[in-house]
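Each chain, written out:
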Amino acid sequence: MQTIPSQQNTSSCESKPYKLEDWQGANCSLNQEYDYWIEDVEGEIPTNLNGTLFRNGPGLLDIFGREIHHPFDGDGMICAVSFDLRKKNVANTNIIYWGDKLLALWEASHPYRLDPNTLETLGIETLDGVLHKDSPFAAHPMIDPGDETREPRLVTFAIKPGPLTTITVYELNQTGKVVQQHDHKIPGFAFIHGFAITPNYCLFFQNPVSFNPLPYVLGFRGAAECIKFHRRSPTKIWLIPRDSSREVQVLETDPCFVFHHANAFEEGDELIVDSVCYETFPGIDHNLNYQEIDFDTRPPAQLWRFHLNLKTKTAQRDLLVERSCEFPFIHPDRIGQPHRCIFLAAAHQPQGDAPQQAIIKVDPEYGEQEFWSAAPKGFVGEPVFVPRTPHIPPYQGGIWGGEDDGWVLTLVFIAPDIIFRLIYHYPNP
Ligand SMILES: [Fe+2]
């Protein structure tokens, strides 16, 4: 609220302290309902201001375009503004080391910086003031290895979902300084967890989902329970140029849900991206807790290859691996470049969904090539590939160039001992 000094009040015959057309803007029909987070907050919301403000009033002031005479006759519109949920930054998704900083990441809020020797939490990381408290910051940055003409960069993004979703792309140089930042608006709600990069593009899959925040903000359900998958809507693939010399493009593909991408690269008129897809959002029945999950009712995650043709604006996809698998990881020198080797955590059984107990090595040309399993008592985590040598020669058709020369590390839980083992050594064959 603005306080106007009394000496500034003027008589109404000279100039009115309002414009009638401004007032009219608040007294017209609202034909569509909206759910969204209010991100633009001036000042601080008091921490002890809790609860939900419900308001009622006429929201529809016409009947099929014919204006009603008095707002008393307008259909009621309920508005709810909730203050009782300050989302906690759980910083639980990924951890990276870049620009001499160890950062714990969670996509809905800022990074936390940790001491790499003691793991002590040092505080919020703002990237020299680029981010502020609660700034979203993706959990899966990609590190572009660069080449003779391009320096290595960490490329990442932030999502602000809403009726119009904003994607902000950030590029950080090797000292951790933000050297590129650009915003893009895309229509509709977007739940985008991971992305892929090439030297010229960032690739975002806009999963066909909507989000009803009300049960979440009122504390009735978790965020994942408020996501609805739309089986008849396409998955949209946004191709955002890393510089401003090209246009943003959007392609459509069959409805599918993607969390993670293995890699993307450019080939002629095409962008090629290998991604782990579910045929629907892998939610959990809200009557169950996570430990009671019924894997048999869940869609398997499978590795697909997408061919995105920039000239015909079409997307075509082929199944690479039928076995349920997730958390793809490739040689760091191949990011954004053609690749022939992907490591993934996978189910022991070849079909259907199941816990991840195995590690597979995939050649996109020939499918699954190697299989290692910790079943029946072992359950694996995300594989991390550590190259034996820091750099390998560029890919040349048919020659792997040593991109599997190194070690795959993963944490394995061995039931019921509640011990974790760091396991799996993969020497170059
Ligand atoms: Fe993830």
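Our subject is the structure listed above.
Residues numbered from 1 in each chain as written. Predicted model: local features only at pLDDT ≥ 70, side-chain atom pairs only at ≥ 80, totals over all residues. Heavy atoms only, no water.

Side note on the sheet that holds strand 10 (residues 153-160)
For clarity, the cut-off: Any two strands are treated as partners once DSSP identifies two or more bridges connecting them. To qualify as a helix, a DSSP run of H or I must reach at least 4 residues; to qualify as a strand, a run of E must reach at least 2; elements of each kind are numbered from the N terminus. Only the stretch in contact is used when a helix axis is fitted, and all axes are lines through C-alpha atoms; the angle between N-to-C directions ranges over 0 to 180 degrees.
Reading across the sheet, the four strands line up as 9-10-11-12 and stay open at both edges, with antiparallel pairing between neighbours. This sheet does not close on itself; its edge strands, each paired only once, are strand 9 (142-144) and strand 12 (178-187). Direction aside, neighbouring strands of the sheet carry axes that sit 25° apart on average. Sheet analysis places strand 11 (residues 164-172) next to strand 12, joined by nine bridges and oriented antiparallel.

Structural notes on the nonpolar core
Keep this limit in mind: Definition of nonpolar core: a set of buried residues of the types Ala, Val, Leu, Ile, Met, Phe, Trp, Tyr and Cys, connected through side-chain atoms within 4.5 Å. Each residue is placed in one exposure class: buried if its accessible area under a 1.4 Å probe, protein chains only, is under 20% of its type's maximum, exposed if it is over 50%, and partly exposed if it falls in between. Two residues form a contact once any of their heavy atoms are found within 4.5 Å.
If you look at the biggest cluster of nonpolar residues, it comprises 41 residues, and the most contacted ones within it are F157, I167, F195, F204, F257, L303 and L344. The contacts of F257, once residues within four sequence positions are left out, are F191, N207, V209, F229, V276, C277, Y278, T280, F281 and P282.

Points about the coordination of the iron ion
Each pair of donors in an ideal octahedron of six around a metal sits at 90 or 180 degrees, and each pair in an ideal tetrahedron of four sits at 109.5 degrees. Let me state the cut-off plainly: A donor here means any N, O or S atom no more than 2.8 Å from the metal (3.2 Å for Na, K and Ca); water is not included, so a site may seem to lack partners.
Donor atoms from the polypeptide that bind the iron ion are H140 (NE2), H193 (NE2) and H260 (NE2), placed at 2.0 to 2.1 Å. Read N to C, the donor residues that coordinate the iron ion are spaced as H-x52-H-x66-H. Placement of the pair is H140 in the loop between strand 8 (121-124) and strand 9 and H260 in strand 19 (residues 257-267), with a sequence separation of 120 residues. The same class applies to H140 and to H260, which are both buried.

Let's talk about the state of the cysteines
How we decide: Defined by distance alone, a disulfide is two cysteine sulfur atoms within 2.5 Å.
Using the criterion set out here, one finds zero disulfides in the structure. This cysteine, C202, is not joined by any disulfide, and C277 carries the nearest cysteine sulfur, 19 Å off. The class for C202 is buried, based on a relative accessible area of 0%. With no disulfide partner, C325 has as its closest neighbouring cysteine sulfur the one in C277, 9.9 Å distant.

What about the pattern of salt bridges?
Applicable threshold: Salt bridges are defined by distance alone: a side-chain nitrogen of Lys or Arg within 4 Å of a carboxyl oxygen of Asp or Glu.
In the structure shown here, the tally under the stated rule is 18 salt bridges. Across the pair E171 and R153 runs a salt bridge whose closest N-O atoms are separated by 2.8 Å. Of this pair, E171 sits in strand 11 while R153 sits in strand 10; the two residues are 18 residues apart in sequence, bridging distant segments of the chain. Of the two residues examined, E171 and R153, each falls in the buried class. Between K311 and D269 there is a salt bridge; the shortest N-O distance is 3.9 Å. With K311 in the loop between strand 21 (302-309) and strand 22 (314-321) and D269 in the loop between strand 19 and strand 20 (270-278), this pair connects stretches of sequence that are 42 residues apart. We classify K311 as exposed; its relative accessible area is 64%.

Observations regarding the packing of aromatic side chains
Worth spelling out the cut-off: Note on aromatic pairs: the rings of Phe, Tyr and Trp (six-membered ring only in Trp) are paired at centre separations within 6.5 Å, and the planes decide the class, stacked below 30 degrees, edge-to-face beyond 60, tilted for the rest.
Enumeration over the complete set of coordinates arrives at 15 aromatic pairs. Here F137 and Y170 contribute two aromatic rings whose centre-to-centre distance is 5.9 Å and whose plane-to-plane angle is 45°, an arrangement assigned as tilted. With F137 in the loop between strand 8 and strand 9 and Y170 in strand 11, this pair connects stretches of sequence that are 33 residues apart. Look at F259 and F281: their rings are 6.5 Å apart centre to centre, the planes differ by 55°, and that puts the pair in the tilted class. Remark: F281 occurs in the loop between strand 20 and strand 21 and F259 occurs in strand 19; sequence separation between them is 22 residues. Among the aromatic residues, those joined into a cluster by ring pairs are F191, F257, F259, Y278 and F281.

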